[in-house]
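One letter stands for each residue in the lines below.
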Amino acid sequence: MQLPSKRYQAIISLILMVMITLYIAVFPSSLIKQLATLPWLDMTLAMFALALSFHYKKGRACFCAFLLLGYQAFPLTLPDFVLTNIYANLLPQVMVLSMAYLISDSERGVSIPVMKERVATFIAIIFLLIIVNMLVTKYIGTMSFTLYLVMALSTPVLAYQLWSSPKYENTVFCYIGFTMALIGLIGAPASNVILSLFAISLLILVFNEGHKMAYFDQLTGIESRRSLDVSSRGLSKQFTVVMCDVDHFKRFNDKYGHDTGDEVLKLVAKKVQQVGGGGNAYRYGGEEFCLLFDGKSADEIYKYVEVIRQDIASYPFAVRSSKRKNGTPSDRTGKGKTNSVQITMSFGIAQTTRGERFERVINQADEQLYMAKDAGRNCIMLPEAGSPKYSR
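Residues numbered from 1 in each chain as written. Predicted model: local features only at pLDDT ≥ 70, side-chain atom pairs only at ≥ 80, totals over all residues. Heavy atoms only, no water.

### Notes on the packing of helix 6 (residues 112–139) against helix 7 (residues 144–164)
1) Next: At a closest axis distance of 9 Å, the pairing of helix 6 and helix 7 adopts a crossing angle of 130 degrees. Taken together, the axes of helix 6 and helix 7 lie oblique to each other. The interaxial crossing formed by helix 6 with helix 7 has right-handed handedness. Contacts between helix 6 and helix 7 involve Leu129, Val132, Asn133 and Val136 from the first element and Phe145, Thr146 and Val150 from the second. (Axes fitted to C-alpha atoms, helices over the stretch in contact; angles between N-to-C directions. Helix = DSSP H or I, 4+ residues; strand = E, 2+ residues; numbered from the N terminus. Parallel < 35°, antiparallel > 145°, perpendicular 65-115°, else oblique. Left-handed = near helix turned anticlockwise from the far one by under 90°. Contact = heavy atoms within 4.5 Å.)

### Things to note about helix 15 (residues 358–374)
1) Next: Along its 17 residues, helix 15 runs 25 Å from first to last C-alpha, staying within 8% of the 24 Å computed at 1.5 Å per residue.
2) Next: For helix 15, every residue scored as buried is listed here: Phe358, Val361, Ile362, Ala365, Gln368, Leu369, Ala372 and Lys373. Projected down its long axis, helix 15 shows its buried positions confined to an angular sector of 150 degrees, all on one face. Seen from the open side of helix 15, the exposed residues pointing more than 90 degrees away from its buried face are Arg360, Glu367, Tyr370 and Asp374. (Expected span 1.5 Å × (residues − 1). Buried < 20%, exposed > 50% of the residue type's maximum accessible area, 1.4 Å probe, protein only. Arc of directions from axis to C-beta.)

### A few points about the nonpolar core
Note on soluble globular proteins: their nonpolar side chains tend to be buried together.
1) Next: Counting 55 residues, the largest nonpolar core has Met95, Met99, Ile176, Met180, Phe198 and Leu202 as its most contacted members.
2) Next: Going through the elements one at a time, helix 1 (6–26), helix 3 (41–55), helix 4 (59–77), helix 5 (85–104), helix 6, helix 7, helix 8 (168–186) and helix 9 (192–215) are the ones with two or more residues in this core.
3) Next: Of the residues forming this core, the biggest block, ten residues, is contributed by helix 5. (Core = buried A, V, L, I, M, F, W, Y, C linked by side-chain atoms within 4.5 Å.)

### Structural notes on a nonpolar patch on the surface
1) Next: Together, Ile131, Leu135, Tyr139, Ile140, Phe145, Leu149 and Leu153 give the surface a local cluster of nonpolar side chains, amounting to about 730 Å² of exposed area.
2) Next: Mapped onto the elements of the fold, leucine 153 is located in helix 7. (Patch = residues over 30% accessible without salt bridge, like charges linked within 9 Å, V, L, I, M, F, W, Y side chains within 5 Å. Areas by Shrake-Rupley, 256 points an atom, 1.4 Å probe, with all protein chains shown as cover. Salt bridge = Lys/Arg side-chain N within 4 Å of Asp/Glu carboxyl O.)

### With respect to the packing of aromatic side chains
1) Next: In the structure shown here, the tally under the stated rule is seven aromatic pairs.
2) Next: Taking 6.2 Å as the distance between ring centres and 35 degrees as the angle between the ring planes, the aromatic pair formed by phenylalanine 239 and phenylalanine 358 counts as tilted. Of this pair, phenylalanine 239 sits in strand 1 (residues 239–246) while phenylalanine 358 is found in helix 15, placing the two residues 119 residues apart along the sequence.
3) Next: Three or more aromatic residues link up through ring pairs in this structure, and these residues are Phe63, Phe66 and Phe122.
4) Next: Here the guanidinium or amino end of arginine 225 rests over the ring plane of tyrosine 284, the centre of that ring lying 4.0 Å away. (Phe/Tyr/Trp six-rings, centres within 6.5 Å; stacked < 30°, edge-to-face > 60°. Lys NZ or Arg CZ within 6 Å of the ring centre and 35° of its normal.)

### What about unusual backbone geometry?
1) Next: Of note, the phi angle at histidine 248 is positive, near 55 degrees, even though the residue is not glycine.
2) Next: In this structure histidine 248 comes out as partly exposed when scored by relative accessible area, which is 35%.
3) Next: In this structure, asparagine 378 takes a positive phi of about 55 degrees despite not being glycine.
4) Next: Looking at the secondary structure, you find asparagine 378 in the loop between helix 15 and strand 7 (380–381).

### Points about the pairing of strand 1
1) Next: With eight of its eight residues buried, strand 1 lies for the most part within the structure.
2) Next: Of the two faces of strand 1, both are covered, the one formed by Phe239, Val241, Met243 and Asp245 as well as the one formed by Thr240, Val242, Cys244 and Val246.
3) Next: When strand 1 meets strand 3 (residues 288–294), the two strands line up antiparallel, connected through seven bridges. Among the inter-strand pairings, valine 241 is bridged to a residue of strand 3, identified as leucine 292.
4) Next: Relative to strand 6 (residues 345–352), strand 1 runs antiparallel, the two sharing eight bridges. If you follow threonine 240 over to strand 6, its bridge partner there is glutamine 351. (Pairing = 2+ DSSP bridges.)

Functional significance is not addressed by these values, which are geometric in nature.
Here's what the structure looks like:
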């Protein structure tokens with residue numbers, strides 16, 4: 001069964017999150033009612049989200065947590081203010097526009113200049129909405145019209161940004177924005193249960209970022225060596241390890257520059273990640289990658305590795321003239337001659353059927369890789385083979 005694309009997964013997740021939140025708010029269970037009576041639960045979760053997002057330098061999540069704390073602070077500092085139309089109508093408008101701003105902005109960390117800019121934008125949003133609401137109240141007589149206007153302007157922005165970049169972070173901003181808009185239409189302030197759910201979604205976002213930092217390679221986006229170490233602890237007695245790296249990568253890097261070299265690594269990572277046969281791809285270090293097949297023999301997985309080798313060798317990788325690296329400014333304008341170069345990889349395969357230690361098997365795969373290099377590169381060296389297997 002094929003899973004929906006990331007875009008549809010993000011849309012489905014958003015709809016479910018909004019529906020579940022509204023259902024919990026309208027039909028709370030006994031447990032939810034008990035949690036709602038806990039003092040400071042929503043603010044504690046929001047402060048926790050603020051601290052963690054600051055620690056992981058997630059500027060957008062940090063500012064979103066700051067906005068939630070501000071929204072929750074009004075009932076404590078101005079209890080009579082909660083009963084006014086301004087709190088029930090204006091603040092949801094501010095939150096919706098703020099989410100549209102955050103989802104449109106790129107991740108720029110938590111530096112002081114960036115936070116100053118976001119605070120200034122937030123203040124500008126408040127003043128703009130105050131003026132618009134005053135005019136609407138004067139000429140139309142109700143502030144609800146402004147909320148409809150804000151929804152009409154913000155909904156396409158939120159939906160487009162989520163469709164363009166279906167990340168969990170953008171899903172959370174859309175979730176908070178759409179839920180606050182619906183709460184504003186109802187005309188009642190968000191309960192501490194809903195605000196707690198907002199903070200929990202931010203906490204999940206930050207925890208997910210911490211997991212990515214620990215187990216995924218920052219450059220290529222595939223799993224890292226630490227993830228490989230963890231996966232190796234749960235292998236069955238039979239497994240196969242494939243070590244592979246880019247042929248003549250240092251020479252390529254020196255000729256075309258490190259930026260182009262990084263693009264090569266991203267391309268290779270994308271290709272090896274598509275390996276079939278139940279294999280998992282990891283970046284081992286530098287230009288070296290590792291494929292891990294649990295419960296499979298070398299003969300069983302050879303055809304899948306060969307597909308990857310052929311796919312990479314036949315891919316026309318376009319690079320600009322090498323003059324761009326050390327040439328004149330006119331050579332580095334991006335208008336130079338484009339050449340197509342061949343990228344190849346060598347593969348070494350090792351297996352065990354007796355539950356040998358993973359370190360021993362991966363060292364054997366590394367030795368097979370060096371044998372593939374000595375045999376002329378762009379080939380696959382199987383264990384106990386007298387010659388490499390490949391097709392030109």
